[in-house]
Amino acid sequence: MTTPSWTPTRRRLTDSLRAAAAPFCACVLALGGLATWTASGNAGRPPRIGVTDAQLFLPAPGVPRTAAFFRVTNTGGVRDRLVEVTSSAVAEGISLSRHRMTGRGAASRQLADSLPVPAGGTLDMSPFTSDVTVPATARWRPGDLVPFTLRFEHSGRVETNAVVVRPGDR
């Protein structure tokens, strides 16, 4: 008994080309996207985080919490997230929060697990956007420097000092 040999026919060649077309097109599209990403300068540019304008509101007497604000700039090509803030000057209870504006100029505070820092952009905290909620300490005075460590998902830890200011001075 002889084994039939494979003979190229027009139908077999057409079916083979059709089967190969989808993976081929996917590869060309992926390579084109990677080439564009590399040519735009974003390939290999991890997030580069800088923290400036760190301020801590002077707590009002009898108020248990206050707010700290930071300007976080990412000059890298990949977004990052602020995931935690700690301070050696505060025992515990520091949290991230977002502010949602409600009717008549009021705002509500919502706890946040993290705050996004866009690639090539800035997370600019303010009383209208987001902040770091900090347990108040009566010993703080205007002009004092309070140390903070900000931890980012990709960039690790960044240490900074926040200057204590009266809320109207921001």
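Residues numbered from 1 in each chain as written. Predicted model: local features only at pLDDT ≥ 70, side-chain atom pairs only at ≥ 80, totals over all residues. Heavy atoms only, no water.

An unreviewed UniProt entry lists the protein under the name Copper(I)-binding protein, with Streptomyces melanosporofaciens as the source organism.

Some details on the overall build of the protein
Broken down by element type, the protein carries 1 helix and 10 strands. Mapped from its N terminus to its C terminus, the protein presents α and β elements in the order α-β-β-β-β-β-β-β-β-β-β. Computed over its C-alpha atoms, the radius of gyration of the protein comes to 27 Å, more than 25% above the 15 Å expected for a compact globule of 170 residues. Each principal axis of the C-alpha atoms in the protein carries an extent, and together these give about 100 × 35 × 35 Å. By the burial criterion, 31% of the 170 residues in the protein qualify as buried. Across the protein, every contact between residues at least 6 apart in sequence was considered, and the portion connecting residues at least 24 apart equals 66%. When the accessible surface of the protein is totalled, it reaches about 10,900 Å², and 57% of it is carbon and sulfur. (Helix = DSSP H or I, 4+ residues; strand = E, 2+ residues; numbered from the N terminus. Rg over C-alpha atoms; globule rule 2.2 N^0.38 Å. Buried < 20%, exposed > 50% of the residue type's maximum accessible area, 1.4 Å probe, protein only. Contact = heavy atoms within 4.5 Å. Areas by Shrake-Rupley, 256 points an atom, 1.4 Å probe, with all protein chains shown as cover.)

Notes on the packing of aromatic side chains
Evaluated as defined, the whole model comprises 2 aromatic pairs. Residues F70 and F148 carry aromatic rings whose centres are separated by 5.5 Å and whose planes lie at 80° to one another, so their mutual orientation is edge-to-face. Pair noted here: F70 is in strand β2 (residues 65-74) and F148 is in strand β9 (residues 145-152), with a separation of 78 residues, a long-range link. Judged on exposure class, the residue F70 and its partner F148 are both buried. (Phe/Tyr/Trp six-rings, centres within 6.5 Å; stacked < 30°, edge-to-face > 60°.)

Observations concerning the environment of M125
By the element assignment, M125 lies in the loop between β7 (122-124) and β8 (130-135). Note on M125: relative accessible area 0%, which makes it buried. A sequence separation of 28 residues divides M125 from S97, and the C-alpha atoms of the two residues are 10.0 Å apart.

Observations concerning the nonpolar core
Core analysis: the largest hydrophobic core is formed by 31 residues, its most contacted members being L56, F70, V72, L82, F148, L150 and F152. Every element with two or more residues in this core is listed here: β1 (49-57), β2, β3 (80-86), β6 (115-117), β8, β9 and β10 (156-165). If we ignore the near neighbours within four places in the chain, the residues touching L82 are L96, D113, S114, L115, V117, L123, M125, L150, R151 and F152. (Core = buried A, V, L, I, M, F, W, Y, C linked by side-chain atoms within 4.5 Å.)

A look at the environment of T86
As for its placement among the helices and strands, T86 is situated in strand β3. By relative accessible area, T86 is classed as partly exposed at 32%. Sequence separation between T86 and L150 is 64 residues, and the spatial gap between their C-alpha atoms is 6.7 Å. Apart from the residues lying within four places of it in its own chain, the contact partners of T86 are I94, P147, F148 and T149.

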